[in-house]
Amino acid sequence: MSLATMASILGAEIVYAKQMLNDYIPIGINEQEDLKSLGKDPALKVLNDRPWNVETPIHLLDDKVTPAEKMFVRNNGQLPKRPDPGSWKLTIQGESVKSEKSYSLSELKSKFKQFTFQVTLECGGNGRGEFYPPTEGNQWGQGAVSCANWTGVRLKDVLQDVGIKADAVYIGYYGTDEHLSGDPKKESISRGVPIAKAMEEETLLAFQMNGKDIPLANGYPLRLVVGGYPASVSGKWLKTIAVRNKVHDGAKMETPSYQVPIEPMEPGEAIKAENMQIITSMPIRSIITYPKSGATFALSAALKIRGHAWAGEQEVSKVAYSIDFGSTWTSATLEKPVNRFAWQHFEAQIKFPKKGYYEVWAMATDDQGKSQPMVVPGWNPKGYLNNACHRIAVKVT
Ligand SMILES: Nc1nc2c(c(=O)[nH]1)N[C@H]1C(S)=C(S)[C@@H](COP(=O)(O)O)O[C@H]1N2
Ligand SMILES: [Mo]
């Protein structure tokens, strides 16, 4: 590869190119090539490539419907090879099914009514990087979230077709992604939801995203899509659903995975299983997707900001912004969600009083009156559910 080609891929001159070894490929290029092979925008941020954990910078979440190439990736195990959709089977089994049943993808598509919902999928660890003291795990900024259109059939309709017993309390999923160790006896992740959540109208067995095949990294050819809960319950590369007569006990259902303290904990305090609860509805949060933090604007023109807000299983009823470090707040214009579990868009026109440096903060409030905290909320051992206000820097000249 010529220096000029490398510079154009990197989008910058390689300042010390003369010092580079012959045939050396800058790491910046490797990561970008890998992202391209994943089908992702090279501007996404790789937090880990084994397993793949790729975050979307917030200004790239500006679309109302998240496009495939901008959707974050959170894998716990190895990325499966592209499977043959013709031989894919979904099996519904477990203690609480009347009898096990399997469906091919074409059976799922032809036998059941299809639905499309726009669903916010947010990693339970989104915002983890801001906890202090730091907790283990991917140090996500605030971009481990997406909101795409998912098309599929209702899990409810399929479970009713299979026939489930009265003692069913939970479902658990199994995907085809191998454990990082390659040990076939180990699962990378196998989580689930209470049966009532599984039976909700919007809970889908999805085979399309934004009207196309689901990207491989996001679960091709079939994934569970469950709104409002942490995205870890939306199993990718879905092969099996177990209908359980107890809380599902798959990988990452155990304490402290995807659990938060009932009574507040001090950093370093020993974790007691009886003080931990499984995360259900995600907390309220908002992000300012335009402008990009650090942008410069002329004082003469009003600045139009925009972004999205969501609140797990609740609806967002208000978004306000502040330009004076939270002293005063002004309401933004807020749209209704296109359906339950879709994020909601807000925008506002800001007139700044004079030239200088500002921060724009956004704060959402849900229909139960719950707002986002201005600072990082209660520390927890795995760094989940940081929904502190998002803020951007703005220079007015
Ligand atoms: N089979 C499988 N499903 C999975 C995961 C996984 O590693 N394997 N990761 C979960 C987690 S923790 C999250 S946050 C979401 C991420 O979805 P995405 O990669 O499509 O953005 O998928 C969930 N479903
Ligand atoms: Mo996650």
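Residues numbered from 1 in each chain as written. Chains lettered and ligands numbered in written order. Predicted model: local features only at pLDDT ≥ 70, side-chain atom pairs only at ≥ 80, totals over all residues. Heavy atoms only, no water.

Going by what an unreviewed UniProt entry lists, the protein is known as Sulfite oxidase and is assigned to Belliella filtrata. According to the UniProt record, the Cofactor (unreviewed entry) comment for the protein reads "Mo-molybdopterin". (UniProt positions renumbered as here; feature names shortened; annotations may be inferred.)

Moving on, we come to the site of ligand 1. Taken together, 18 residues lie near ligand 1, and Phe72, Asn76, Asp177, Arg223 and Lys236 sit nearest. Taking Phe72, its main chain carries an N or O atom lying 2.7 Å from an oxygen atom of ligand 1. Between ligand 1 and Arg74 there is a distance of 2.9 Å, counted from an oxygen atom to a backbone nitrogen or oxygen. When isolated, ligand 1 has an accessible area of 530 Å², and the protein chains bury 100% of it. (Near = heavy atom within 4 Å. Polar contact = N/O pair within 3.5 Å; in protein donor to acceptor, adjacent residues only side chain to side chain. Areas by Shrake-Rupley, 256 points an atom, 1.4 Å probe, with all protein chains shown as cover.)

All told, the structure shown has two cavities of 30 Å³ or more when counted by the stated rule. Counted as a void, the largest cavity has a volume near 260 Å³. Surrounding the largest cavity, 21 residues form its lining, Arg74, Arg223, Ala231, Ser234 and Lys236 being those nearest its centre. Considered class by class, the residues forming the lining of the largest cavity number 10 nonpolar, seven polar and four charged. The space that makes up the second largest cavity amounts to roughly 30 Å³. Around the second largest cavity sit Glu122, Cys123, Gly124, Asn126, Met282, Pro283, Ile284, Arg285, Leu385, Asn386 and Asn387, which together line it. Looking at side-chain class alone, the lining of the second largest cavity contains five nonpolar, four polar and two charged residues. (1 Å grid on protein atoms, 1.4 Å probe; cavity = no way out; pocket = protein on both sides within 12 Å on 5 of 7 lines; lining within 4 Å. Points joined across faces, edges and corners; volume = space filled by probe spheres on them. Nonpolar A, V, L, I, M, F, W, Y, C, P; charged D, E, K, R; others polar.)

So, about the layout of surface pockets. In this model, the largest pocket occupies a volume close to 380 Å³. Taken together, 20 residues form the lining of the largest pocket, with Val260, Pro261, Asn380, Tyr384 and Leu385 sitting closest to its centre. The set of elements that each furnish at least two residues to the lining of the largest pocket consists of strand E14 (259-261) and strand E15 (276-278). Grouping the amino acids of the lining of the largest pocket by side-chain chemistry returns 13 nonpolar, six polar and one charged. (Helix = DSSP H or I, 4+ residues; strand = E, 2+ residues; numbered from the N terminus.)

Turning our attention to the packing of aromatic side chains. This model, assessed by the stated rule, comprises seven aromatic pairs. Their ring planes at 20 degrees and their centres at 5.3 Å tell us that Tyr258 and Tyr384 sit as a pair that is stacked. Of the two residues, Tyr258 is situated in the loop between strand E13 (238-244) and E14 and Tyr384 in the loop between strand E23 (356-366) and strand E24 (391-396); the sequence distance between them amounts to 126 residues. A single burial state applies to Tyr258 and to Tyr384, both of which are buried. Just above the ring of Tyr220 sits the side chain of Arg82; from NZ or CZ to the centre is 4.2 Å. Above the ring of Phe115, the side-chain terminus of Arg154 is found at 3.7 Å from the ring centroid. (Phe/Tyr/Trp six-rings, centres within 6.5 Å; stacked < 30°, edge-to-face > 60°. Buried < 20%, exposed > 50% of the residue type's maximum accessible area, 1.4 Å probe, protein only. Lys NZ or Arg CZ within 6 Å of the ring centre and 35° of its normal.)

Across the sheet, which stays open at both edges, the four strands sit in the order E16-E18-E22-E21 with antiparallel pairing between neighbours. The open sheet is flanked by strand E16 (285-290) and strand E21 (333-334), the only strands paired with a single partner. As paired elements, strand E18 (residues 303-310) and strand E22 (residues 344-350) share seven bridges and run antiparallel to each other. Looking at the pairing, Ala309 lines up with Gln344 of E22. (Pairing = 2+ DSSP bridges.)

With 53 residues, the main nonpolar core has Ile92, Trp150, Ile171 and Leu205 as its most contacted residues. Top element by residues in this core is strand E10 (residues 204-209). It accounts for five residues. No fewer than three residues from each of domain 1 (85-278) and domain 2 (285-396) sit in this core. Apart from residues lying up to four places away in sequence, Ile171 is in contact with Leu155, Leu159, Arg191, Gly192, Val193, Ile195, Ala198, Leu224, Ile241, Ala242, Val243 and His248. Grouped together as the second largest cluster of nonpolar side chains are 22 residues, Ala311, Ala348, Phe352 and Ala362 included. (Core = buried A, V, L, I, M, F, W, Y, C linked by side-chain atoms within 4.5 Å. Domains from an automatic or database assignment. Contact = heavy atoms within 4.5 Å.)

In terms of burial, E16 is largely enclosed, as five of its six residues are buried. Strand direction decides the pairing type here: E16 and E18, joined by five bridges, are antiparallel. Of the residues in E18, the one forming a bridge with Arg285 is Trp310.

The next thing to look at is the side chain of Lys70. Counting through the fold element by element, Lys70 comes out in the loop between strand E2 (52-55) and strand E3 (73-74). When near neighbours in sequence (up to four residues on either side) are disregarded, Lys70 contacts Asp41, Leu44, Thr56, Leu60, Leu61 and Asp63.

For the protein, the assigned domains read domain 1 (85-278) and domain 2 (285-396). Measuring from the centre of the C-alpha atoms in domain 1 to the corresponding centre in domain 2 gives 29 Å. Domain 1 puts 38 residues into the contact, and the matching count from domain 2 is 24 residues. For the pair domain 1 and domain 2, the two sides together bury roughly 2700 Å², of which 59% comes from carbon and sulfur. Of all residues in domain 1, Gln118, Phe131 and Gln142 give up the largest surface area on contact with domain 2, accounting jointly for 23% of the area buried on that side. Counting every contact that joins domain 1 to domain 2 gives four salt bridges. Notably, a salt bridge pairs Glu200 with Arg340, separated by 3.3 Å at the nearest N-O pair. Taken together, domain 1 and domain 2 are joined by 16 residue pairs in polar contact (both at pLDDT 80 or more). When residues in the side of domain 1 that touches domain 2 are grouped by element, the largest group, five residues, is from strand E6 (residues 114-122). For the side of domain 1 that touches domain 2, the residue count by class is 16 nonpolar, 14 polar and eight charged. (Buried area = accessible area lost by both parts, 1.4 Å probe. Salt bridge = Lys/Arg side-chain N within 4 Å of Asp/Glu carboxyl O.)

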